[in-house]
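Given next are the chains, with one letter for each unit.
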Amino acid sequence: MTSPAPVPPQPTLVDGAVTLRPWAPTEPDLAGAEGLSTKERHAAYADDRRAVSFVVEADGVVAGAVTVTRANGRDGTGRLSWSEVRGRAGDRMSQALRALAGYGFEELGLRRVEVYADVADRDAVRIASRAGLRKEGVVRGYAATGGAVLLGRLADDPDPFTREGFVATLNAGLPTKRAIAQALIRNERGEVLVCELVYKNFWDLPGGVVDPGESPAHAVVREIREELRLDARIRSLATVSWLPPWHGWDDATLFLFDVEVGGAAEVERAVLEPREIRAVHWVDEVGLKAHTADYTARLVARAVRQLDEGGGTAYLENGIDPDW
């Protein structure tokens, strides 16, 4: 087995008011360091040719320590870690990590650096993000914490102080919410078209989940074409409803469009996607309540009333008008 290449001589790194000084085995312990025994941890790195450690001085005061460790079996990847002296580091630790990442790219030849932050440690995620690392996902079952946020930065990523770098890093950390687009299709008797689905007991309205980068309007037309082989035309947006978490699914925003597909005769010629739809049915209010989820029945009843009264688009929460 080939031994890791020795690290180059450690320079002193400077980033504004932050200085990264090479750690030495004789370095005293960092009194007040959080989350680990700093002296023992960094002493162990003295004989590890994969790791490089620095003491962080902010405004001339020791504020903590940072380490980059080259990952086993992952050529070109380094893991960043740090410890802070309580009340001393502040935002300076992000500067220290940014300088450490630059050292990893330029001196160690790394192509990627990454941080694993406890899912509950928002400060750690913020520190890594401000150093230009982008949130990439959550690693389940990580160590004793049960999960960790994985953040990464590539050697050719834009500098975090540029507009491109700032936007990319911020965008990666923003919350995402599922979007669902469904169709309210009615016949001349006022009955509503619903789909009897293969994969769940409740019948549901035509439509589905909006793909990344896709508009809700495009999604509902696409879903009708893919699942029913019908050409749909949107007349209006009837309702927007926020859906709370339900049966293991995260919350979502549902867009219900008033849609026409050429009448009941055209629906009779629909070609169903057999992996998803067993049959389609026209149902009245009673049938809707009997076969669909409660929120679907509420949603349709409210949308029909909104459309018949010509009142524009309604905003709902779980199919109910919110109590402002």
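Residues numbered from 1 in each chain as written. Predicted model: local features only at pLDDT ≥ 70, side-chain atom pairs only at ≥ 80, totals over all residues. Heavy atoms only, no water.

Chemist: Residue-level account of the overall build of the protein chain, with values.
Modeler: Of regular secondary structure, the protein chain possesses eight helices and 15 strands. Taking the intrachain contacts of the protein chain between residues at least 6 apart in sequence as the baseline, contacts between residues at least 24 apart amount to 63%. Surface accessibility of the protein chain: about 17,400 Å² in total, with carbon and sulfur atoms responsible for 51%. (Helix = DSSP H or I, 4+ residues; strand = E, 2+ residues; numbered from the N terminus. Contact = heavy atoms within 4.5 Å. Areas by Shrake-Rupley, 256 points an atom, 1.4 Å probe, with all protein chains shown as cover.)

Chemist: Which residues make up the packing of aromatic side chains, and what values go with them?
Modeler: One pass over the structure, following the stated rule, counts one aromatic pair. Residues Phe54 and Tyr103 carry aromatic rings whose centres are separated by 5.3 Å and whose planes lie at 80° to one another, so their mutual orientation is edge-to-face. Taken together, the positions of Phe54 in strand E3 (residues 51-58) and Tyr103 in helix H2 (residues 92-106) put the pair 49 residues apart, joining distant regions of the chain. Exposure class is identical for Phe54 and Tyr103. Each is buried. (Phe/Tyr/Trp six-rings, centres within 6.5 Å; stacked < 30°, edge-to-face > 60°. Buried < 20%, exposed > 50% of the residue type's maximum accessible area, 1.4 Å probe, protein only.)

Chemist: Mind laying out helix H3 (residues 122-130), listing which residues take part and the relevant values?
Modeler: Looking only at H3, the buried set comprises Ala124, Val125, Ile127 and Ala128. In a view along the axis of H3, the buried residues occupy a sector of 160°, so they form one face of it. Packing partners of the buried residues in H3 comprise strand E5 (77-84), H2, strand E6 (112-118) and strand E8 (147-154). Positive backbone phi, at 95°, marks Gly132, one or two positions downstream of H3. (Arc of directions from axis to C-beta.)

Chemist: Tell me about the pairing of strand E12 (residues 233-243), residues and numbers included.
Modeler: Examined bridge by bridge, E12 and strand E13 (residues 252-260) share nine bridges and lie antiparallel to one another. Looking at E13, one finds that Thr239 is bridged to Leu256. Sheet topology note: the E12/strand E15 (residues 314-317) ladder contains four bridges and is parallel. Residue pairing across strands places Val240 opposite Tyr315, the latter belonging to E15. (Pairing = 2+ DSSP bridges.)

Chemist: Help me get a handle on the confidence of the model for the protein chain, residues and values and all.
Modeler: Per-residue pLDDT for the protein chain averages 85, and the proportion of residues at 70 or more is 86%. Within the model, pLDDT remains below 50 along residues 31-47, and this stretch shows 37 contacts once partners closer than five positions in the same chain are excluded. (pLDDT = per-residue confidence, 0-100.)

Chemist: Tell me about a nonpolar patch on the surface, residues and numbers included.
Modeler: On the surface, Phe166, Val167, Leu170 and Leu174 cluster together to form a nonpolar patch covering roughly 370 Å² of accessible area. By the secondary structure assignment, Phe166 is in helix H4 (residues 163-173). Look at Phe166 and you get exposed, because its relative accessible area is 51%. (Patch = residues over 30% accessible without salt bridge, like charges linked within 9 Å, V, L, I, M, F, W, Y side chains within 5 Å. Salt bridge = Lys/Arg side-chain N within 4 Å of Asp/Glu carboxyl O.)

Chemist: Tell me about the sheet that holds E3, and please be specific about residues and values.
Modeler: What holds strands together in a sheet is hydrogen bonding between their backbones, with the strands either parallel or antiparallel. The strand order across the open sheet formed by eight strands is E1-E2-E3-E4-E5-E6-E8-E7, and the pairing between neighbours is mixed. Bordering the open sheet on either side are strand E1 (13-15) and strand E7 (134-140), each of which pairs with just one other strand. Within this sheet the neighbouring strands show an average axis-to-axis angle of 25°, counted without direction. Pairing between E1 and strand E2 (residues 18-22): three bridges, direction antiparallel. (Axes fitted to C-alpha atoms, helices over the stretch in contact; angles between N-to-C directions.)

Chemist: Could you give an account of the sheet that holds strand E11 (residues 207-209), with specific residues and numbers?
Modeler: Strand order in the open sheet formed by five strands is E11-E9-E13-E12-E15, with mixed pairing between adjacent strands. Where the open sheet ends on each side, the last strands, each with one partner, are E11 and E15. Strand-to-strand twist across the sheet, computed as the mean angle between neighbouring axes with direction ignored, equals 20°. The strands touched by helix H5 (residues 216-228) within the sheet are strand E9 (178-184), E11, E12 and E13, with E9 carrying the most contacts at an inclination of about 60°. The sheet contacts of helix H8 (residues 294-308) involve E9, E12, E13 and E15, and relative to E12 the element is tilted by about 135°.

Chemist: Which residues make up unusual backbone geometry, and what values go with them?
Modeler: Residue Arg229 is not a glycine yet carries a positive backbone phi of 55°. Tracing the backbone shows Arg229 in the loop between H5 and E12. Assessed through its relative accessible area of 58%, Arg229 is described here as exposed.

Chemist: If you had to explain the side chain of Glu227 to someone new, which residues and values would you point to?
Modeler: Within the element layout of this structure, Glu227 appears in helix H5. For Glu227, the residues in contact, after removing those within four places along its chain, are Gly207, Val271, Leu272, Glu273, Glu276 and Ile277.

Chemist: Tell me about the environment of Ala101, and please be specific about residues and values.
Modeler: Structurally, the position occupied by Ala101 is in helix H2. The spatial distance from the C-alpha of Ala101 to the C-alpha of Arg79 is 9.5 Å, given a sequence separation of 22 residues. Among residues more than four places away in sequence, those in contact with Ala101 are Leu80, Val113 and Arg153.

Chemist: If you had to explain H8 to someone new, which residues and values would you point to?
Modeler: The terminal C-alpha atoms of H8 lie 21 Å apart, and with 15 residues this matches the ideal 21 Å at 1.5 Å per residue to within 8%. What H8 keeps buried is the set Tyr295, Thr296, Ala297, Leu299, Val300, Arg302, Ala303, Val304 and Gln306. Contacts from the buried residues of H8 go to E9, strand E10 (192-197), E12, E13, helix H7 (285-291) and E15. Positive phi appears at Gly310, one or two residues downstream of H8, with a value of about 65°. (Expected span 1.5 Å × (residues − 1).)

Chemist: Report on the pattern of salt bridges, specifying residues and quantitative values.
Modeler: Scanning the entire structure with this criterion turns up 22 salt bridges. A salt bridge links Glu266 to Arg269; the nearest nitrogen and oxygen atoms lie 2.6 Å apart. A residue is classified by how much of its surface remains accessible, and Glu266, at 28% relative accessible area, is partly exposed. Glu273 is the partner of Arg275 in a salt bridge, and the nearest nitrogen-oxygen pair spans 3.0 Å. Residue Glu273 is classed as buried on the basis of its relative accessible area of 17%.

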